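Coordinate inspection notes
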Amino acid sequence: MERWIEQYGEETAEAICRANNEPPAVSVRVNTTMISRDRMLEEMESAGFDAVPSELSPYGIIVRGGGNMALTDWYREGMISIQDESSMLVAEAVGPEPGMRVLDCCAAPGGKTAHMGELMKDDGLIIANDLHSHKQRLIAEQAERLGLESITSVTGDALDLASRYEPSSFDRVLLDAPCSGLGVIRRKPDLKWAKTPDDVGEIAALQRELLDTASGLVRPGGVLVYSTCTIEPKENEETIESFLSRHPDFVMDDDDARFPEKVRKHALFRGGGVQILPQHFHSDGFYIARLRRLP
């Protein structure tokens, strides 16, 4: 609490704490390669679900009652995925287009990877990397459930990606970095007691190494998106500011139009990125920064 007061002020810190004690909403992302959001809403309402469209993402639906969405035919048949609204904004910030070559550096469990595949209309190539083989299988299973053939899942240390792929060989690179997770305390309350300032410093050092590695794989004119599910400045805007100071060939791509009006109005813009706090939209705390490599 004291750290958040120092970083955000007393009033905002209290709001963060209140939001962290609220139960998380159930939100799903519609696989628009199979069905439109409007049609999915109609089906949910016909089946007796209390469902409304997300105001944060044009692909999201908030389900306020009706049971476990993972047990529905819609989920089994790949028409929906369970994903927090803030998390949906990441793939939209990447902005992948059909035919592109995309790298997701730390992809498990694959929600953002799959969303990018859907945005690309399953046309192109997405390399989805993760450190652990059992998590790589989760990504592959997710792609299969959603009918996305453009996703290839691989296993390896993200710090080694530069030795496995040609420099400047991807149109889009997403680094959804390992982080302290301090934006998702309402889902993982034990984090309040498990994380220390020293942990944050160690994680931030790793994040900077990962950004250095990922950046070399972006083609000139291409886009690198950095995201975390934390609200810690050292892991977010300070990491981006440090990266830009070392990489003059990258600039912030300040295209606010990629975010819905509600985000532009209420979220914080720090270090060129968007900081969503848990009280802003009753969604997860997230940081998203979009950088473009100069031609």
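In what follows, the accompanying structure is described. If you're wondering where the values come from, they're calculated on a predicted model, not measured in any experiment.

Points about the overall build of the protein chain
Looking only at helices and strands, the protein chain has 13 helices and 13 strands in total. The C-alpha atoms of the protein chain give 18 Å as radius of gyration, which agrees with the globular expectation for 295 residues (19 Å, within 12%). Overall, the protein chain is about 55 × 45 × 35 Å in size when its C-alpha atoms are taken along their principal axes. Expressed as a percentage of the 295 residues in the protein chain, the buried residues total 55%. When contacts within the protein chain are restricted to residue pairs at least 6 apart in sequence, those whose partners lie at least 24 apart make up 72%.

Section: the nonpolar core
Of all hydrophobic cores here, the largest spans 31 residues; its most connected members are Met116, Ile151, Val225, Phe259, Val263 and Ile288. At the level of elements, helix H5 (85–94), strand S5 (100–104), helix H6 (111–119), strand S6 (124–130), helix H7 (133–146), strand S9 (218–228), strand S12 (273–276) and strand S13 (286–293) are the ones that each hand at least two residues to this core. Element by element, the count of residues in this core is highest for H5, at five residues. Dropping the residues within four chain positions of it, valine 263 is found in contact with Leu56, Leu89, Phe269, Val274 and Phe281. Membership of the second largest hydrophobic core comes to 26 residues, among which are Leu161, Leu175, Leu210 and Tyr287.

Re the pairing of strand S8 (residues 170–176)
Among the seven residues in S8, seven count as buried, and that is most of the element. Bridging between S5 and S8 involves three bridges; their strand directions are parallel. Across the sheet, the residue bridging to aspartate 104 is leucine 174, located in S8. Examined bridge by bridge, S8 and S9 share six bridges and lie parallel to one another. Paired with aspartate 176 across the strands is serine 227, a residue of S9.

Points about H5
With ten of ten residues buried, H5 is to be regarded as a mostly interior element. Buried within H5 we find Glu85, Ser86, Ser87, Met88, Leu89, Val90, Ala91, Glu92, Ala93 and Val94. The residue sitting at the N-terminus of H5 and contributing the capping side-chain oxygen is aspartate 84; that oxygen lies 2.9 Å from the backbone nitrogen of serine 86. Once H5 finishes, glycine 95 follows within two positions and takes phi at roughly 65°, a positive value.

Topic: the pattern of salt bridges
Scanning the model with the defined rule gives 18 salt bridges in all. The closest approach of N and O atoms between aspartate 84 and arginine 186, which form a salt bridge, is 3.2 Å. Taken together, the residues span a long stretch of sequence, with aspartate 84 in the loop between strand S4 (80–82) and H5 and arginine 186 in the loop between S8 and helix H9 (191–194) at a distance of 102 residues. For the pair aspartate 84 and arginine 186, a shared accessibility class is recorded, and that class is buried. Note that arginine 292 is salt-bridged to aspartate 253, the shortest N-O span being 3.3 Å. Of the two residues, arginine 292 sits in strand S13 while aspartate 253 sits in the loop between strand S10 (250–252) and helix H12 (261–266), which places them 39 residues apart along the sequence.

Notes on H6
Here H6 lies mainly inside the structure; nine of its nine residues are buried. If you check which residues of H6 are buried, you get Gly111, Lys112, Thr113, Ala114, His115, Met116, Gly117, Glu118 and Leu119. Positive phi shows up at lysine 121, right after H6, with a value of about 60°.

Describing the layout of surface pockets
Approximately 1,200 Å³ is the volume found for the largest pocket. If you trace the largest pocket, you find 45 residues lining it, with Ala108, Pro109, Lys112, Asp176 and Cys229 closest to the centre. Broken down by element, the lining of the largest pocket gets its largest block of residues, five residues, from H7. For the lining of the largest pocket, the residue count by class is 20 nonpolar, eleven polar and 14 charged.

Parameters at a glance
Residues numbered from 1 in each chain as written. Predicted model: local features only at pLDDT ≥ 70, side-chain atom pairs only at ≥ 80, totals over all residues. Heavy atoms only, no water. Helix = DSSP H or I, 4+ residues; strand = E, 2+ residues; numbered from the N terminus. Rg over C-alpha atoms; globule rule 2.2 N^0.38 Å. Buried < 20%, exposed > 50% of the residue type's maximum accessible area, 1.4 Å probe, protein only. Contact = heavy atoms within 4.5 Å. Core = buried A, V, L, I, M, F, W, Y, C linked by side-chain atoms within 4.5 Å. Pairing = 2+ DSSP bridges. Polar contact = N/O pair within 3.5 Å; in protein donor to acceptor, adjacent residues only side chain to side chain. Salt bridge = Lys/Arg side-chain N within 4 Å of Asp/Glu carboxyl O. 1 Å grid on protein atoms, 1.4 Å probe; cavity = no way out; pocket = protein on both sides within 12 Å on 5 of 7 lines; lining within 4 Å. Points joined across faces, edges and corners; volume = space filled by probe spheres on them. Nonpolar A, V, L, I, M, F, W, Y, C, P; charged D, E, K, R; others polar.

Shape descriptors only; they carry no functional weight alone.
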